[in-house]
Amino acid sequence: MRKIRFALHWQILIALVMGVLYGVFFRDYVPYISWMGDVFIRALKMIIIPLILSSIISGVTNIGSAENLGRLGLKTILYYVMTSTLAILVGLALVNIIQPGVGADLGFHKEVGALDVIEDSFGQTLIKIIPVNIFEALSSARMLSVIFFAIVFGFFITRSGRKTRHFLTDFFNSVFEVMMKITMFIIRFAPFGVFGIVAYQISESEDLSVLAQTMGVYMITVFAGLAFHALITLPLIAKFIGKVNPLKHFRAVTTPLLTAFSTSSSSATLPLTMQAVGNKAGVSNKISSFTLPLGATINMDGTALYECVAAIFIAQAYGVDLGFGEQVIVVFTALLASIGAAGIPMAGLVMITVVLSAVGLPLEGVGLILAVDRILDMFRTATNVWSDSCGAVVIAKSEGEALNV
Ligand code: ASP
């Protein structure tokens, strides 16, 4: 008998649909299957820190010289800032044209619980990237600090004596190889994980029809912006700057995109993104292990766009007219908020306080957008991961690599 085998991304897609149906029709039985989602997410989280650490250290040792590292680092960061800014500008244009907040129903308020307010200044945030205790940074998953330490550590491996250099380079390459093997193993369970996560989310969500009615235009504005950025801007960049086939690249990264969509976490998706960009798109370990962890941490185009749309939506709903100067501040702070947002579910919602306080809008405005945030989060996370993966191929191409896409 012939065995029928579906590609993994089809399995995940089917699991996603089944998860929705299960969540709608068997709400009471969701606890019996939601553990699958927990197990999957925990397994992914288990490998994130050792994966980031080993991948960046091995990536940096492979990059070699300070000159190459500086060039690649600068190029990557500039590229990420550029795409995030483009995303914000799309959001800015749409929210000003559609004006979803004008006349929005302010009665639809939710109490906002203790919301973290980000108080650090830009300078302080930069200084805090240097960890005072690397183990604390590792255990509390402070990604930027971990990345910083890994880059420094990797760099000084290349400056060490021959014996140390060879030993540590081999060692971290080996750790990275094992982490990727574990990743491949966990990925096989993605359909089960996605099924559990989606069924749980659906069973927990509020009445979608009510939300859609009240918040419909706002959601459409965010969706339209994300769609424009993901389907037009990024493919054009991939095609004309990266000289890769965006459709082929999209096929290579479908599994991480669907996982990002279901988990709403670019950090949790990182192992899958690295696997797809490395093995399927053909980006070298040197580039992918440097650009992707950095991307999952600072490059969030979807979040950036969302921060801008949400802040201006809140201003419109409160009847505050933001002038040109204030809109420029929104663009700038939305960029910073997206860089600072962690790659975890609803991080963007917390970061919106940065943008609101910068232009003096009431923080309670967050209550207005709270209810629909989880759905928007799925789409913006998928956009974030799509942008990271496009970044990796564009940068790999610019470094003269031959890819499969
Ligand atoms: N959930 C997003 C991510 O992990 C961050 C956000 O909330 O916007 O990429």
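One can find the structure itself at the top, above this paragraph.
Values in this document were obtained by computation on a predicted structure and should not be read as measured data. (Residues numbered from 1 in each chain as written. Predicted model: local features only at pLDDT ≥ 70, side-chain atom pairs only at ≥ 80, totals over all residues. Heavy atoms only, no water.)

Chemist: Hey, could you run me through the site of the ligand in this one?
Modeler: Neighbouring residues of the ligand: 16 residues in total, closest S266, T303, G348, D377 and R380. At a separation of 2.6 Å, an oxygen atom of the ligand approaches a polar side-chain atom of T303. Contacts to the ligand include G348, whose backbone N or O atom sits 2.7 Å from an oxygen atom. Look at the ligand: alone it shows 270 Å² of surface, and the protein chains cover 100% of it. Among the detected pockets, the ligand sits in the largest cavity. (Near = heavy atom within 4 Å. Polar contact = N/O pair within 3.5 Å; in protein donor to acceptor, adjacent residues only side chain to side chain. Areas by Shrake-Rupley, 256 points an atom, 1.4 Å probe, with all protein chains shown as cover. 1 Å grid on protein atoms, 1.4 Å probe; cavity = no way out; pocket = protein on both sides within 12 Å on 5 of 7 lines; lining within 4 Å. Sits in = over half its atoms within 2 Å of the grid points.)

Chemist: Got a minute to help me understand the packing of helix 13 (residues 285-298) against helix 17 (residues 366-398) in this structure?
Modeler: How two helices sit against one another is set out by the angle between their axes and by the gap between those axes. Two numbers describe how helix 13 lies on helix 17: the axes approach to 9 Å, and their chain directions differ by 145 degrees. The handedness of the crossing between helix 13 and helix 17 is right-handed. In this structure, helix 13 contributes I287, T291, L292, G295 and A296 to the contact, and helix 17 contributes D388, S389, A392, I395 and A396. Partitioned by chemical class, the residues of the contact of helix 13 with helix 17 number six nonpolar, three polar and one charged. (Axes fitted to C-alpha atoms, helices over the stretch in contact; angles between N-to-C directions. Helix = DSSP H or I, 4+ residues; strand = E, 2+ residues; numbered from the N terminus. Left-handed = near helix turned anticlockwise from the far one by under 90°. Contact = heavy atoms within 4.5 Å. Nonpolar A, V, L, I, M, F, W, Y, C, P; charged D, E, K, R; others polar.)

Chemist: It is not clear to me how the side chain of T158 should be interpreted in this structure. Could you clarify?
Modeler: Locating T158 in the fold gives a position in helix 6 (residues 143-158). For T158, the side chain forms a polar contact with the main-chain oxygen of F155, separated by 2.4 Å. Residues within four places of T158 in sequence aside, it is in contact with V60, T61, G64 and R165.

Chemist: How do you make sense of the packing of aromatic side chains when you look at a structure like this?
Modeler: Two aromatic rings are characterised by how far apart their centres lie and by the angle between their planes. This structure, assessed with the given rule, holds 14 aromatic pairs. Judged by centre distance (5.5 Å) and plane angle (80 degrees), the ring pair of Y22 and F195 falls under edge-to-face. Of this pair, Y22 sits in helix 1 (residues 8-25) while F195 sits in helix 8 (residues 190-204), and the two are 173 residues apart along the sequence. On the basis of relative accessible area, Y22 is assigned to the buried category, the value being 17%. Every member of this aromatic cluster is reached through a ring pair, and the members are F149, F153, F167, F171 and F172. Its end group placed over the ring of F240, K239 keeps NZ or CZ at 5.9 Å from the ring centre. The lysine or arginine in question, R380, covers the ring of Y306, its NZ or CZ lying 3.9 Å from the ring centre. (Phe/Tyr/Trp six-rings, centres within 6.5 Å; stacked < 30°, edge-to-face > 60°. Buried < 20%, exposed > 50% of the residue type's maximum accessible area, 1.4 Å probe, protein only. Lys NZ or Arg CZ within 6 Å of the ring centre and 35° of its normal.)

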